[in-house]
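Chain residues, written in single-letter form:
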Amino acid sequence: MPEGDSLHRAARALQVLVGQNVEVETPHPRAATKRIAERLDGLRLDAVEARGKNLLLRFEGGLVLRSHLRMSGRWRVEPRGAVRRGLPWLVLRGGEHEAVLWNGPVLELRAPQRLGPDILAEPPDFASMLERLRAVLPTREVGDALLDQQLVAGIGNVWKAESLWEARVSPWRPLVEVADEELLAVLATAHRLMAASVDGARRLRHVYRRAGRPCRRCGGTIRSYPQGESARTAYWCPGCQRGGREPKS
Ligand SMILES: [Zn+2]
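Given the structure is predicted, the values throughout are model-derived calculations rather than measurements.

**Focus on the coordination of the zinc ion**
- Binding of the zinc ion to the protein goes through C215 (SG), C218 (SG), C237 (SG) and C240 (SG), at separations of 2.2 to 2.3 Å.
- Relative to the metal, the four donor atoms surrounding the zinc ion lie at angles of 95 to 118°, and the coordination shape comes out tetrahedral.
- Counting gaps between the donor residues of the zinc ion yields the pattern C-x2-C-x18-C-x2-C. Note that C215 is positioned in the loop between helix 7 (180–198) and strand 9 (223–227) and C237 in the segment after strand 10 (232–236), a separation of 22 residues in sequence.
- Residue classification places C237 among the buried positions, given a relative accessible area of 0%.

**Comments concerning the nonpolar core**
- Of all hydrophobic cores here, the largest spans 33 residues; its most connected members are I119, L133, V142, V152, I155 and L187.
- Contributing elements (two or more residues each) for this core: helix 4 (126–135), helix 5 (142–145), helix 6 (157–166) and helix 7.
- Broken down by element, this core gets its largest block of residues, seven residues, from helix 7.
- If near-sequence neighbours (up to four positions away) are discounted, L187 is found in contact with I119, F126, M129, L133, L146, V152 and I155.
- Core analysis: the second largest hydrophobic core is formed by 28 residues, L7, A37, L45 and V48 among them.

**Considering the packing of aromatic side chains**
- Counted under the stated rule, the structure contains three aromatic pairs.
- Between the aromatic rings of W172 and Y225, the centroid separation amounts to 6.2 Å while the plane-to-plane angle is 70°, which identifies the pairing as edge-to-face. Remark: Y225 occurs in strand 9 and W172 occurs in the loop between helix 6 and helix 7; sequence separation between them is 53 residues.
- Judged by relative accessible area, Y225 falls into the partly exposed class, the value being 37%.

**Looking at unusual backbone geometry**
- Cis rather than trans, the peptide bond between E122 and P123 has omega equal to 0°.
- When you line up the elements, P123 lands in the loop between strand 8 (106–110) and helix 4.
- One non-glycine residue, R168, adopts positive backbone phi at about 60°.
- Tracing the chain through its elements places R168 in the loop between helix 6 and helix 7.

**Concerning the pattern of salt bridges**
- Scanning all chains against the criterion turns up 20 salt bridges.
- The residue R84 makes a salt bridge to E98 at a minimum N-O spacing of 2.8 Å. In this pair, R84 sits in the loop between strand 5 (74–79) and strand 6 (90–93) while E98 sits in strand 7 (residues 97–102), placing the two residues 14 residues apart along the sequence.
- Its relative accessible area of 1% is what places E98 among the buried residues.

**Digging into the packing of helix 6 against helix 7**
- Their axes nearest at 8 Å, the elements helix 6 and helix 7 cross at an angle of 125°. Classed by the angle they form, the pair helix 6 and helix 7 counts as oblique. In the crossing of helix 6 with helix 7, the sense of the turn from one axis to the other is right-handed. In contact with W159, E162, S163, L164 and E166 of helix 6, helix 7 contributes V186, T189, A190, R192, L193, M194 and S197.
- When grouped by side-chain class, the residues that make up the contact of helix 6 with helix 7 number six nonpolar, three polar and three charged.

The rules behind the values
Residues numbered from 1 in each chain as written. Predicted model: local features only at pLDDT ≥ 70, side-chain atom pairs only at ≥ 80, totals over all residues. Heavy atoms only, no water. Donors = N, O, S within 2.8 Å, 3.2 Å for Na, K, Ca; no water. Tetrahedral: all angles 85-135°; square planar, octahedral: opposite > 155°, others 65-115°. Helix = DSSP H or I, 4+ residues; strand = E, 2+ residues; numbered from the N terminus. Buried < 20%, exposed > 50% of the residue type's maximum accessible area, 1.4 Å probe, protein only. Core = buried A, V, L, I, M, F, W, Y, C linked by side-chain atoms within 4.5 Å. Contact = heavy atoms within 4.5 Å. Phe/Tyr/Trp six-rings, centres within 6.5 Å; stacked < 30°, edge-to-face > 60°. Salt bridge = Lys/Arg side-chain N within 4 Å of Asp/Glu carboxyl O. Axes fitted to C-alpha atoms, helices over the stretch in contact; angles between N-to-C directions. Parallel < 35°, antiparallel > 145°, perpendicular 65-115°, else oblique. Left-handed = near helix turned anticlockwise from the far one by under 90°. Nonpolar A, V, L, I, M, F, W, Y, C, P; charged D, E, K, R; others polar.

See the structure below:
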């Protein structure tokens, strides 16, 4: 049975991923139902600590993933891309390493305090999201605001980029220059894309990680640039997502 010291060892081993934006997968079908990958994929891992019999993984925006190993759970840290047999519960992949959770019977995502309405709720509370987006500084860029978990909970960097592209809204437009209908269209698109992803649909990505390649809608060249305080990379098409103070290339 994993005791306190093996938890502390796991917490120490996982430090190699702290500070990185991690790719998150939940290969085990029982883990996949928890919608953890959709919520955490691409977020920065801020801290890992052993607390009692739990391992707490803190992500940017205040999300905390709690892993209790019970009798059978094991964390392993391996080089990125290591060959595996079987379906782990969770994989957190950084630039050079990946942390893998096997047989993790307790895996739970906790929301930070003052979290905004959940984009994956059925149905989502779009009116309340809009209200929160209208309550912040109107000069704030829409792409930055969408990642603020206190305004809308659950939109990560991938879905921010893809839903803005679908709704033809530039991430660089200040909120004051984005109409309510446009904001609602972006939020509804984020919900639709993310809900489809939860159901296992594999969708073509239009802008995310496609910088330098042609837009599938207008043929313009996709750009990328860090945005906001945490400098998360924004992806957009300058051809069909116009407006705002676009960074110089
Ligand atoms: Zn375009």
